[in-house]
Amino acid sequence: MQAVGIYIDHRGLTAVQCAPDRPGRSQWREQQPLEDLSHAESLADFFTRIRRRVGQGYIPINIALADPWVHQ
């Protein structure tokens, strides 16, 4: 089964899809720089790029956010 993981770190927001047949290897990766995260258009573009990669099918998405982001 394929899955997409989304996480944030000091570089920005990253989405990655791992290759199910090759553990530890990614199929693709999309990144959005941290300084652009406050712009709604930048975030919309980030999620549009993910949707193009994933397509119309159902794929589980896991999101990992730091505690301060969760509390907001």
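Thresholds, definitions, all that
Residues numbered from 1 in each chain as written. Predicted model: local features only at pLDDT ≥ 70, side-chain atom pairs only at ≥ 80, totals over all residues. Heavy atoms only, no water. Helix = DSSP H or I, 4+ residues; strand = E, 2+ residues; numbered from the N terminus. Buried < 20%, exposed > 50% of the residue type's maximum accessible area, 1.4 Å probe, protein only. Contact = heavy atoms within 4.5 Å. Areas by Shrake-Rupley, 256 points an atom, 1.4 Å probe, with all protein chains shown as cover. Salt bridge = Lys/Arg side-chain N within 4 Å of Asp/Glu carboxyl O. Core = buried A, V, L, I, M, F, W, Y, C linked by side-chain atoms within 4.5 Å. Polar contact = N/O pair within 3.5 Å; in protein donor to acceptor, adjacent residues only side chain to side chain.

1. Brief notes about the overall build of the protein
And step 1. Of regular secondary structure, the protein possesses 2 helices and 4 strands.
And step 2. Helices (α) and strands (β) of the protein occur, in sequence order from the N terminus, as β-β-β-α-β-α.
And step 3. Counting only residues that meet the buried cut, the protein has 31% of its 72 residues in that class.
And step 4. Nonlocal contacts in the protein, meaning residues at least 24 apart in sequence, comprise 41% of its contacts between residues at least 6 apart.
And step 5. Within the structure as shown, the protein displays about 5300 Å² of accessible surface, and the carbon and sulfur contribution to it stands at 52%.

2. Some points on the pattern of salt bridges
And step 1. According to the stated counting rule, one finds 3 salt bridges in the structure shown.
And step 2. Here Arg 53 makes a salt bridge to Glu 30, at a shortest N to O gap of 3.0 Å. One end of the pair, Arg 53, is in helix H1 (residues 40-54); the other, Glu 30, is in strand E3 (residues 26-33), and 23 residues separate them in sequence.
And step 3. Of the residues examined, Arg 53 reaches a relative accessible area of 43% and is grouped as partly exposed.
And step 4. Given a relative accessible area of 11%, Glu 30 falls into the buried group.
And step 5. Here Arg 49 makes a salt bridge to Asp 45, at a shortest N to O gap of 2.6 Å. Residue Arg 49 and its partner Asp 45 are located together in helix H1, separated by 4 residues, close to a single helical turn.
And step 6. Note on Arg 49: relative accessible area 17%, which makes it buried.

3. A look at the environment of Pro 60
And step 1. Within the secondary structure layout, Pro 60 lies in the loop between H1 and strand E4 (61-64).
And step 2. Spatially, the C-alpha atom of Pro 60 lies 8.6 Å from that of Gly 5, the residues being 55 residues apart in sequence.

4. A closer look at the nonpolar core
And step 1. Core analysis: the largest hydrophobic core is formed by 9 residues, namely Val 4, Ile 6, Ile 8, Leu 13, Ala 15, Trp 28, Phe 46, Ile 50 and Val 54.
And step 2. At the level of elements, strand E1 (4-9), strand E2 (12-18) and H1 are the ones that each hand at least two residues to this core.
And step 3. Leave out the neighbours within four places in its chain, and Ile 6 touches Leu 13, Thr 14, Ala 15, Phe 47, Ile 50, Ile 61, Asn 62, Ile 63 and Ala 64.

5. Considerations on the side chain of Gln 32
And step 1. Of note, Gln 32 is situated in strand E3.
And step 2. At 3.3 Å, the side chain of Gln 32 and the side chain of Arg 49 are in polar contact.

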